[in-house]
Amino acid sequence: MPTDLDDWFVREVLPLEAALARFLRRHRQPSDDVADLLQEVYVRIYESAARHRPELVQAFVFAAARNLLIDQARRAQIVSIEAYADLETLDLSSHELTPERHASGHQELRLLQNALEQLPLRCGEVVRLRKIDGMSQREVAEHMGIAEDTVEKQIAKGMRALADALLLKGVVVNMSKLTARIRGKNEQKGGPL
């Protein structure tokens, strides 16, 4: 008898199979079978979703595939440095821009904005000034009347909190790329987040 998890998997994950198979085919080791890799990714996704379902399914699926490929490369004792480096630097954003990716990007931005709003006031202001407005550490310190050391600590605390909040929602992205995207949106709109 199908469960809610089974329904979710069929509805959200299986439609990504063709793109996932292309991704695995492009980045696998020559000895790996794509069908086996697909099954392993599906097992990982299903087991993880049984504990907590991600909000951004596509990002979660491709992150699971990337992690599987990295795990397999690490297990294979004889791996060329080039192959390993390629896996570590995979840019999942290089896939063609689709309406789903566009919507996913907007959803990631909303999640980041919500996470920013949850930061303590001073920490949130430091992160906004430094990472979104692009002020230097010294400029932020002068603007807020605090020590540069405090700015550094608040940035570390804030970025850690943002990364944790986004990971809980299933977002797996490079924080510097995400803040660059926000900065670009901010400049287009001509105002704050």
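From a predicted model like this one, the values you see are computed outputs, not experimental measurements. (Residues numbered from 1 in each chain as written. Predicted model: local features only at pLDDT ≥ 70, side-chain atom pairs only at ≥ 80, totals over all residues. Heavy atoms only, no water.)

Q: How should I be thinking about the packing of helix α1 (residues 4–13) against helix α3 (residues 34–51) in this particular structure?
A: Packed helix pairs are specified by the crossing angle of their axes together with the interaxial distance, meaning the distance between the axes. As a packed pair, α1 and α3 sit with axes 11 Å apart at the nearest point and diverge in direction by 130 degrees. The pairing of α1 with α3 is recorded here as oblique in orientation. With respect to the hand of their crossing, α1 and α3 are arranged in right-handed fashion. Contacts between α1 and α3 involve Leu5, Asp6, Trp8, Phe9 and Val13 from the first element and Tyr42, Ile45, Tyr46, Ala49 and Ala50 from the second. Taken together, the residues of the contact of α1 with α3 break down into nine nonpolar, no polar and one charged. (Axes fitted to C-alpha atoms, helices over the stretch in contact; angles between N-to-C directions. Helix = DSSP H or I, 4+ residues; strand = E, 2+ residues; numbered from the N terminus. Parallel < 35°, antiparallel > 145°, perpendicular 65-115°, else oblique. Left-handed = near helix turned anticlockwise from the far one by under 90°. Contact = heavy atoms within 4.5 Å. Nonpolar A, V, L, I, M, F, W, Y, C, P; charged D, E, K, R; others polar.)

Q: Teacher, can you tell me more about the nonpolar core here?
A: Nonpolar side chains in soluble globular proteins tend to end up buried together. Counting 24 residues, the largest nonpolar core has Trp8, Val13, Leu20, Leu24, Val41, Ile45 and Val61 as its most contacted members. Residue contributions to this core peak at eight residues, all from helix α4 (residues 57–75). The next biggest cluster of nonpolar side chains, apart from the first, holds 20 residues, and it includes Leu56, Ala59, Leu111 and Ala141. (Core = buried A, V, L, I, M, F, W, Y, C linked by side-chain atoms within 4.5 Å. Buried < 20%, exposed > 50% of the residue type's maximum accessible area, 1.4 Å probe, protein only.)

Q: Mind showing me how you'd approach the environment of Ala50 here?
A: Among the structural elements, Ala50 can be located in helix α3. Sequence-wise, Ala50 and Leu5 are 45 residues apart; in three dimensions their C-alpha atoms are separated by 6.8 Å.

Q: Help me understand the pattern of salt bridges in this model?
A: Side chains bearing opposite charge may pair, as long as their charged atoms lie close to each other. Following the criterion strictly, the structure yields five salt bridges and no others. With its nearest N and O atoms 3.1 Å apart, the salt bridge here joins Asp4 to Arg53. Of this pair, Asp4 sits in helix α1 while Arg53 sits in the loop between α3 and α4, and the two are 49 residues apart along the sequence. The partner of Asp149 in a salt bridge is Lys153, and the shortest N-O contact between them spans 3.2 Å. Pair noted here: Asp149 and Lys153 are both in helix α9 (residues 148–168), with a separation of four residues, about one helical turn. Look at Lys153 and you get exposed, because its relative accessible area is 54%. (Salt bridge = Lys/Arg side-chain N within 4 Å of Asp/Glu carboxyl O.)

Q: Would you mind showing me how to read the packing of aromatic side chains here?
A: In total, this model carries three aromatic pairs according to the counting rule given. The interplanar angle of 85 degrees and the centroid separation of 5.4 Å between the aromatic rings of Phe9 and Tyr42 together place this pair among those described as edge-to-face. Separated by 33 residues along the polypeptide, Phe9 in helix α1 and Tyr42 in helix α3 bring together distant segments of the chain. Both residues of the pair, Phe9 and Tyr42, belong to the buried class. Aromatic side chains Phe23 and Phe62 sit 5.4 Å apart centroid to centroid with 90 degrees between the ring planes, which places their arrangement in the edge-to-face category. Here Phe23 is found in helix α2 (residues 17–27), whereas its partner Phe62 is found in helix α4, with 39 residues between them in sequence. You can call Phe23 buried: its relative accessible area is 1%. On the accessibility criterion, Phe62 (4% relative accessible area) is buried. Among the aromatic residues, those joined into a ring-pair cluster are Phe9, Tyr42 and Tyr46. (Phe/Tyr/Trp six-rings, centres within 6.5 Å; stacked < 30°, edge-to-face > 60°.)

Q: What is the right way to read the side chain of Gln154 from this model?
A: Structurally, Gln154 can be placed in helix α9. You can call Gln154 buried: its relative accessible area is 11%. Sequence-distant contacts of Gln154, defined by excluding residues within four places in its chain, comprise Arg122, Cys123, Val126 and Val127.

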